[in-house]
Amino acid sequence: MGKSKLEYIWLDGHEPTQNMRSKTKVEDDFSGKLEDCSIWSFDGSSTEQASGGASDCLLKPVAIYPDPTRKNGFLVMSEVLNADGTPHASNARAKIDDNDNDFWFGFEQEYFLMDTKTDLPLGFPRGGFPGPQGKYYCSVGGRYTWGRDFVEEHADLCIEAGLNFEGINQEVAPGQWEFQLFAKGAKKAGDEIWIARYLLDRLTEKYGYYIEYHPKPIKGDWNGSGMHANFSNTVLRTCGSQETYEKICEAFRPVTDEHMDVYGANNDERLTGLHETAHVSDFSYGVSDRGASIRIPIITVEKGWKGWLEDRRPASNADPYKVAGRIIETVKTANI
């Protein structure tokens, strides 16, 4: 096969929001299999993950995907380990309690496409605002839609990489888009969101854009950006009981603050109780209620209370590993 380019991708130690980092390793006659990806190292002192006097951190490959933009290329999602092989404090993936993959997650990733020349979302004129919300959501045509070529190319890249990519749509503000991914297993779901984000961010280099993940980048009467977390386990998928659903929802009420701690920085600017959100300090749930903290999808009810729940609170800049880990922890405390 010759030489292959393995792009090792990991999360740094910046707070409150971690960034992606990556670097390329060239291998001879690489098989393309995860088990043949070796552990690598990097300078943790340059990523807020180690001191200069003991700077080595390790990269443990945990998932691999073909890189659709490179000849003989692969994308290698990696966990960060300390030099002794233990999980680094910034490694949220290692803490997820879902070794049997009983939890399934579908994440809805919203974001704003920003123009590097104006530092404004696509469709926003310099020194002003476009028309108010109302005509942009799932719009068609050049009057209300911006960035479709970019979004379509990103979708193609994700599909070619083998991600379980499920859809795209323009959101309620100009330049705001969403994509959806689903996976059986919380760690796999997190891996795929991060790989999709990597492909998204890398594609901006070609277009002269950048991605704004801040949950409320445009102040005023505009929706913010979230990463809604649809989740289920065997109980939710099979119980057939409204009472069980309500007990699981109630398990979230006393740990509202713990969830908000990992649902993204500046999320209080988005969760105001307006624009299809519950207030950051409140907790609520309801059937088909997009103004609730947790929405019970109408399809779940129509199927006899067999399905999933949607936590609408995670912000667009949240770490899916942390979100999934916290949701699993709470669901497992439900008195059912």
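Right above here is the structure, for reference.
Treat the numbers as computed from the prediction; the structure is a model and nothing was measured.

### Concerning empty space enclosed by the protein
The gaps of empty space that remain are located by a probe, the size of a water molecule, rolled over the atoms. Considering all chains together, one arrives at one cavity of 30 Å³ or more under this definition. In this model, the largest cavity occupies a volume close to 100 Å³. L11, Q18, V62, M77, S78, E79, V80, S90, N91, A92, R93 and Y321 together form the lining of the largest cavity. In terms of residue count, strand β5 (residues 73-81) provides more of the lining of the largest cavity than any other element does, four residues in total. Split into classes, the residues belonging to the lining of the largest cavity amount to six nonpolar, four polar and two charged.

### A look at the pairing of β5
Of all nine residues in β5, nine are buried; the element is thus mostly enclosed. Every second residue of β5 is oriented toward a common face, with G73, L75, M77, E79 and L81 on one face and F74, V76, S78 and V80 on the other, all of them buried. As paired elements, strand β1 (residues 3-11) and β5 share five bridges and run parallel to each other. The residue of β5 that forms the bridge with E7 is L75. In terms of strand pairing, strand β4 (residues 56-66) meets β5 through eight bridges, oriented antiparallel. The residue bridging Y65 from the neighbouring strand is L75, located in β5. With antiparallel pairing between neighbouring strands as the criterion, β4 and β5 make up a hairpin whose turn holds six residues, including N72 at a positive phi of roughly 55°.

### Details of the packing of helix α2 (residues 186-207) against helix α7 (residues 320-331)
Relative placement of two packed helices is described by the angle separating their axes and the distance separating the axes. Two elements in contact, α2 and α7, have axes whose closest approach is 8 Å; the angle formed by their N-to-C orientations is 160°. Compared by their axis directions, α2 and α7 come out roughly antiparallel. Helix-helix and strand crossings are classified by hand; for α2 and α7 the assignment is right-handed. Counted together, A186, K187, G190, D191, I193, W194 and R197 of α2 and P320, Y321, A324 and I328 of α7 form the full contact between these two elements.

### Side note on the packing of aromatic side chains
Inspection of every chain in the model, using the stated rule, returns 17 aromatic pairs. Centre to centre, the rings of W10 and F42 are 4.5 Å apart; their planes meet at 35°, and the pair counts as tilted. Pair noted here: W10 is in strand β1 and F42 is in strand β3 (residues 40-43), with a separation of 32 residues, a long-range link. Accessibility assignment for this pair places W10 and F42 in one class, buried. Judged by centre distance (6.2 Å) and plane angle (45°), the ring pair of Y136 and W146 falls under tilted. Separated by 10 residues along the polypeptide, Y136 in the loop between β7 (120-121) and α1 (148-160) and W146 in the loop between β7 and α1 bring together distant segments of the chain. For Y136, a relative accessible area of 3% puts it in the buried group.

Rules of the game
Residues numbered from 1 in each chain as written. Predicted model: local features only at pLDDT ≥ 70, side-chain atom pairs only at ≥ 80, totals over all residues. Heavy atoms only, no water. 1 Å grid on protein atoms, 1.4 Å probe; cavity = no way out; pocket = protein on both sides within 12 Å on 5 of 7 lines; lining within 4 Å. Points joined across faces, edges and corners; volume = space filled by probe spheres on them. Helix = DSSP H or I, 4+ residues; strand = E, 2+ residues; numbered from the N terminus. Nonpolar A, V, L, I, M, F, W, Y, C, P; charged D, E, K, R; others polar. Buried < 20%, exposed > 50% of the residue type's maximum accessible area, 1.4 Å probe, protein only. Pairing = 2+ DSSP bridges. Axes fitted to C-alpha atoms, helices over the stretch in contact; angles between N-to-C directions. Parallel < 35°, antiparallel > 145°, perpendicular 65-115°, else oblique. Left-handed = near helix turned anticlockwise from the far one by under 90°. Contact = heavy atoms within 4.5 Å. Phe/Tyr/Trp six-rings, centres within 6.5 Å; stacked < 30°, edge-to-face > 60°.

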